[in-house]
Amino acid sequence: MRFVAIGDSFTEGVGDVLPDGRERGWADIAAQGWADAAGHPIQYANLAIRGKLAWPIVEQQLEPALALRPTHLSFNGGGNDMLRPRADPEHIADAFSRVLRRCDEEGVTMILLSGANPSGQLPMGSLVQRRGDLLSEAVLRRIEDRPDVIRALNWPDRELSKPPYWSEDRLHMNAAGHHRVAARVLHALGFEPPEAWWAPLDRPGLGPSGLAYYREFVGPWVRRRVTRTSSGDGRTAKYPTWIECTPA
């Protein structure tokens, strides 16, 4: 099996920080879990870069990912688009159609993920909720006649939207959240993930609140929008070529 992941911070693994400072994330966890459950090595690559909008993910990551000749390709996008003023769910969903078409052409199995729902903790959360619901509906319409697409749908997961699964910025999942997503991916692939992956071992607080939250997290995000910069500027893919995950 050769599994490549494309996407934004959700797939890069932002929020799941290891003791040495490296960011892991659901795709890393799922790849190792897949090897463990299957009992044989999995080749794994991850081209995701934080801050990317849905169509730039497709334009910049899809063809390099397919050039690796994977058996499985995972795609998620649209989280950053939903935070922009003129987000168009139908246009974003068209990116998913493009990925599926290219996977079909190359004989690759697509793993479709919807992002986790952060709206309960975010300023203007009701807007994010509404846009996320519309995007989810638009994407599902495009694959309703495709039972062969592997689906790991996180947006409807109410448990995953609760505070214990989110990092201090309230926008990215913490280690517990990434493990729960990895559990859903493994389950969709036909394996039984470790039970502990489904729920957090502890219940961390949300971190800064009030003005401190806006100063630490919202302010920098607004500055990037004003200056038309991205948190992913200058970053390269975490695993642009295959690494091997061997059974533990």
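None of the values given here were measured: they were computed from a predicted structure. (Residues numbered from 1 in each chain as written. Predicted model: local features only at pLDDT ≥ 70, side-chain atom pairs only at ≥ 80, totals over all residues. Heavy atoms only, no water.)

**Structural notes on the overall build of the chain**
Helix and strand content of the chain: 7 helices and 6 strands. The linear arrangement of helices and strands in the chain, starting from the amino end, is β-α-α-β-α-β-α-β-α-β-α-α-β. A compact globule built from 248 residues would reach a C-alpha radius of gyration of about 18 Å, and the chain, at 17 Å, matches this within 12%. A principal-axis box enclosing the C-alpha atoms of the chain has dimensions of 50 × 40 × 35 Å. Burial statistics for the chain: of 248 residues in total, 50% are counted as buried. When the accessible surface of the chain is split by element, carbon and sulfur atoms take 53% of a total near 11800 Å². Positive and negative charge centroids in the chain, built from 30 and 31 side chains respectively, lie 5 Å apart. (Helix = DSSP H or I, 4+ residues; strand = E, 2+ residues; numbered from the N terminus. Rg over C-alpha atoms; globule rule 2.2 N^0.38 Å. Buried < 20%, exposed > 50% of the residue type's maximum accessible area, 1.4 Å probe, protein only. Areas by Shrake-Rupley, 256 points an atom, 1.4 Å probe, with all protein chains shown as cover. Lys, Arg positive; Asp, Glu negative; His and termini not counted. Charge placed at Lys NZ, Arg CZ, Asp CG, Glu CD.)

**What to know about the state of the cysteines**
If you walk through the whole model with that rule in mind, you get 0 disulfides. Counting only cysteine sulfurs, Cys245 is the nearest neighbor of Cys103, a cysteine outside any disulfide, at a range of 19 Å. On the accessibility criterion, Cys103 (0% relative accessible area) is buried. (Disulfide = S-S within 2.5 Å.)

**Thoughts on the pattern of salt bridges**
Pairs may arise between side chains of opposite charge once their charged atoms sit close together. Taken as a whole and judged by the stated rule, the model has 18 salt bridges. Across the salt bridge formed by Arg102 and Glu63, the nearest N and O atoms sit 2.8 Å from each other. Of this pair, Arg102 sits in helix α4 (residues 89-106) while Glu63 sits in helix α3 (residues 54-67), placing them 39 residues apart in sequence. With a relative accessible area of 13%, Arg102 lands in the buried category. Connected through shared salt-bridge partners, Glu63, Arg101, Arg102, Glu105 and Glu106 make up one network. (Salt bridge = Lys/Arg side-chain N within 4 Å of Asp/Glu carboxyl O.)

**Quick look at the UniProt feature "domain: SGNH hydrolase-type esterase" (unreviewed entry) in the chain**
Per the UniProt record, "domain: SGNH hydrolase-type esterase" (unreviewed entry) is found at residues 5-179. Structurally, residues 5-179 comprises 41% helix and 12% strand, and the distance from its first C-alpha atom to its last is 16 Å. (UniProt positions renumbered as here; feature names shortened; annotations may be inferred.)

**Comments concerning the packing of helix α2 (residues 26-38) against helix α6 (residues 175-188)**
It is the contact of α2 with α6, at a shortest axis distance of 8 Å, that shows an interaxial angle of 45°. Judged by the inter-axis angle, α2 sits oblique to α6. Crossing of α2 over α6 shows right-handed handedness. Contacts from Trp26, Ile29, Ala30, Gly33 and Trp34 of α2 reach α6 at His178, His179, Val181, Ala182, Val185 and Leu186. Its residues assigned to classes, the contact of α2 with α6 comprises 8 nonpolar, 3 polar and no charged. (Axes fitted to C-alpha atoms, helices over the stretch in contact; angles between N-to-C directions. Parallel < 35°, antiparallel > 145°, perpendicular 65-115°, else oblique. Left-handed = near helix turned anticlockwise from the far one by under 90°. Contact = heavy atoms within 4.5 Å. Nonpolar A, V, L, I, M, F, W, Y, C, P; charged D, E, K, R; others polar.)

**Re the sheet that holds strand β3 (residues 72-75)**
Taken together, the 6 strands give an open sheet; going across it, the order is β5-β4-β3-β1-β2-β6, and neighbouring strands pair in mixed fashion. Strand pairing shows two members of the sheet lacking a second neighbour, β5 (150-153) and β6 (239-245), which therefore form its edges. Geometrically, the sheet is characterised by an average inter-axis angle of 20° between neighbouring strands, direction not taken into account. Bridging between strand β2 (residues 42-46) and β6 involves 4 bridges; their strand directions are antiparallel. Opposite Asn46, over in β6, you have Tyr239 as the bridge partner. Contacts from α2 reach β1 (2-6), β2, β3, β4 (109-114) and β6 within the one sheet, and its direction differs from that of β2 by about 175°. (Pairing = 2+ DSSP bridges.)

**Some words on the packing of α4 against helix α5 (residues 125-142)**
Where α4 meets α5, the closest approach of the two axes is 9 Å, and the angle between their N-to-C directions is 40°. Classified by the interaxial angle, the pair formed by α4 and α5 is oblique. Classified by chirality, the crossing of α5 by α4 is right-handed. Residues Pro89, Glu90, Ile92, Ala93, Asp94, Phe96 and Ser97 of α4 form the contact with α5, whose participating residues are Arg131, Leu134, Leu135, Ala138, Val139, Arg141 and Arg142. A breakdown of the residues in the contact of α4 with α5 according to their chemical character gives 8 nonpolar, 1 polar and 5 charged.

**Points about the nonpolar core**
If you look at the biggest cluster of nonpolar residues, it comprises 34 residues, and the most contacted ones within it are Ile6, Leu73, Phe75 and Val99. Those elements giving two or more residues to this core turn out to be β1, α3, β3, α4, β4 and α5. When sequence neighbours within four positions are dropped, the list of residues in contact with Leu73 reads Val4, Ile6, Leu62, Ala65, Leu66, Val99, Cys103, Val108, Thr109, Met110 and Ile111. Within the second largest apolar cluster, 31 residues are counted, among which are Ala27, Tyr165, Val181 and Trp197. (Core = buried A, V, L, I, M, F, W, Y, C linked by side-chain atoms within 4.5 Å.)

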